[in-house]
Structure formats: C-alpha cells, structure tokens
Amino acid sequence: MNFVPDIEGQARGGPAVESAFRAVADDLGLVLRGGRDGVLRCEYTPGSYEPIEFAFRFPEGLGILAVEGALATFEGQPSEELRLAINYLNAEVQTYRFYVSEGEGPSDSVLLVRHDLLPNLDEAPPFHPRELRQILAGLCAQKAIFADTLLQIQEGRPWRLVKDALRALR
C-alpha cells in the first residue's frame with residue numbers, strides 16, 4: 001500500500017504559522033525585522049559561533065517556514081568549482097540546502113544555507129522554542145564548517161576541498 005499524505009484539511013495557513021512563529025521567536029529573544037514581503041530577518045549568535053544573519057520565509061498562504069542563513073559574501077559570479085562543491089554538498093548533506101544568490105551590491109554574491117521547518121499539523125503548538133534554537137544552531141554550525149572552505153573554492157581551490165570538510169565532520 002502506498003503512503004498518501006492527507007494534510008490539506010489539517011495544515012495551518014501562512015498567517016497562523018507566522019503568528020505562532022513570532023511567539024516562539026519572542027520566547028527565544030529574537031529581534032525580528034521586516035515582514036512586509038513575507039520575510040522576517042534577525043541576527044542570532046548561539047554559543048561560540050559567529051553571528052549569522054537569518055531570513056525566515058513564509059511562502060504565500062502555505063504555512064511552511066524556510067529558515068535561510070547567510071554564510072559569506074563574495075564579489076562576482078560563482079565559479080564552476082564552487083557550483084560543483086555546492087552540488088556535492090546538497091547531495092551529501094540532506095537536511096540543509098546550499099546555494100548562491102545575488103547580494104546587495106551590483107557585483108556581490110551571497111552563499112546561503114537553508115533549512116525548511118514544517119509546523120506540526122495537529123492541535124499541539126506548531127513550533128517549539130527548543131526546535132527552532134536547534135535549527136538556528138545547526139545553520140550556524142554549517143557556516144563554521146563550510147563558509148571558509150567554500151570561499152577558498154571560489155578563489156581557485158578545487159571543489160574536492162569540500163570533501164575534506166565533510167570527512168572532518170564524520
């Protein structure tokens with residue numbers, strides 16, 4: 001028998017999820033900015049990690065939350081080696097998605113890492129502060145592990161350098 005999820009009748013809509021998320025963010029002491037474009041932003045520094053800028057995205061009317069963290073900024077377009085390294089990371093690291101986006105400046109690019117957070121579907125609270133704290137700490141760990149390596153690859157080192165960073169993890 002095939003598994004067929006039936007979440008349409010139970011899934012919470014975007015406004016309810018965003019409201020519940022704001023309450024959890026308050027519990028964690030996060031200072032959220034923005035919100036007009038469906039994106040809330042904040043800076044977060046767990047433990048001994050460097051501060052990281054986060055964007056919390058709520059796709060239109062869907063109740064799914066994507067948490068996106070900026071790993072690093074560099075000038076120009078991503079190199080072919082960087083593209084290979086990111087594709088390799090995305091295949092090997094299942095819970096996170098790495099990608100490059102345009103930066104604020106005309107020639108800037110930003111390395112990003114994303115984690116999708118699905119709210120609970122039942123009557124329980126859709127999010128728990130500990131769950132969100134763990135996700136933010138995990139994104140910070142991705143920055144600590146991969147940001148320098150990915151920048152070195154962008155500057156000309158071979159994409160296989162990212163394999164060494166993964167091996168060091170395991």
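Residues numbered from 1 in each chain as written. Predicted model: local features only at pLDDT ≥ 70, side-chain atom pairs only at ≥ 80, totals over all residues. Heavy atoms only, no water.

### Remarks on helix H4 (residues 161–169)
Here is step 1 of the chain: Among all positions in H4, only Leu 161, Val 162, Ala 165 and Leu 166 are buried. With its buried residues spanning 145° around the axis, H4 presents them on a single face.
Here is step 2 of the chain: The secondary structure elements touched by the buried residues of H4 are helix H2 (80–92) and helix H3 (129–154). (Buried < 20%, exposed > 50% of the residue type's maximum accessible area, 1.4 Å probe, protein only. Helix = DSSP H or I, 4+ residues; strand = E, 2+ residues; numbered from the N terminus. Arc of directions from axis to C-beta. Contact = heavy atoms within 4.5 Å.)

### Some words on the nonpolar core
Nonpolar side chains tend to gather and get buried jointly when the protein is soluble and globular.
Here is step 1 of the chain: If you look at the biggest cluster of nonpolar residues, it comprises 44 residues, and the most contacted ones within it are Phe 21, Leu 30, Phe 54, Phe 56, Phe 98, Leu 132 and Leu 150.
Here is step 2 of the chain: At the level of elements, helix H1 (14–28), strand E2 (39–44), strand E3 (52–57), strand E4 (65–75), H2, strand E6 (108–117), H3 and H4 are the ones that each hand at least two residues to this core.
Here is step 3 of the chain: Ranked by the residues each element gives to this core, the list is headed by H3, at nine residues. (Core = buried A, V, L, I, M, F, W, Y, C linked by side-chain atoms within 4.5 Å.)

### Concerning the pairing of E2
Here is step 1 of the chain: Here strand E1 (residues 33–34) runs beside E2; their pairing, made up of two bridges, is antiparallel. Within E2, the position partnered with Arg 33 by the bridge is Arg 41. (Pairing = 2+ DSSP bridges.)

### Brief notes about the confidence of the model for the protein
Here is step 1 of the chain: Mean pLDDT over the protein stands at 83; residues scoring 70 or higher make up 85%.
Here is step 2 of the chain: Of all the helices and strands in the protein, H1 carries the lowest mean pLDDT, 83, while H2 carries the highest, 95. (pLDDT = per-residue confidence, 0-100.)

### Details of the packing of aromatic side chains
Here is step 1 of the chain: With the rule as written, the count across this model stands at five aromatic pairs.
Here is step 2 of the chain: Ring centres of Phe 21 and Phe 56 lie 4.7 Å apart, and the angle between their planes is 45°; on these two criteria the pair is classed as tilted. With Phe 21 in helix H1 and Phe 56 in strand E3, this pair connects stretches of sequence that are 35 residues apart. Per residue, the accessibility class of Phe 21 equals that of Phe 56, and both read buried.
Here is step 3 of the chain: Summarising the aromatic geometry, the rings of Phe 98 and Phe 146 are spaced 5.6 Å apart at their centres and angled 85° between planes, so their arrangement reads as edge-to-face. Of this pair, Phe 98 sits in strand E5 (residues 97–102) while Phe 146 sits in helix H3, and the two are 48 residues apart along the sequence. (Phe/Tyr/Trp six-rings, centres within 6.5 Å; stacked < 30°, edge-to-face > 60°.)

### Thoughts on the pattern of salt bridges
Here is step 1 of the chain: Counted according to the given criterion, the structure contains six salt bridges.
Here is step 2 of the chain: Linking Arg 33 and Glu 53 is a salt bridge whose minimum nitrogen-to-oxygen distance equals 2.4 Å. With Arg 33 in strand E1 and Glu 53 in strand E3, the pair connects residues that are 20 residues apart, well separated along the chain.
Here is step 3 of the chain: Classification of Glu 53 by relative accessible area gives partly exposed; the value is 28%. (Salt bridge = Lys/Arg side-chain N within 4 Å of Asp/Glu carboxyl O.)

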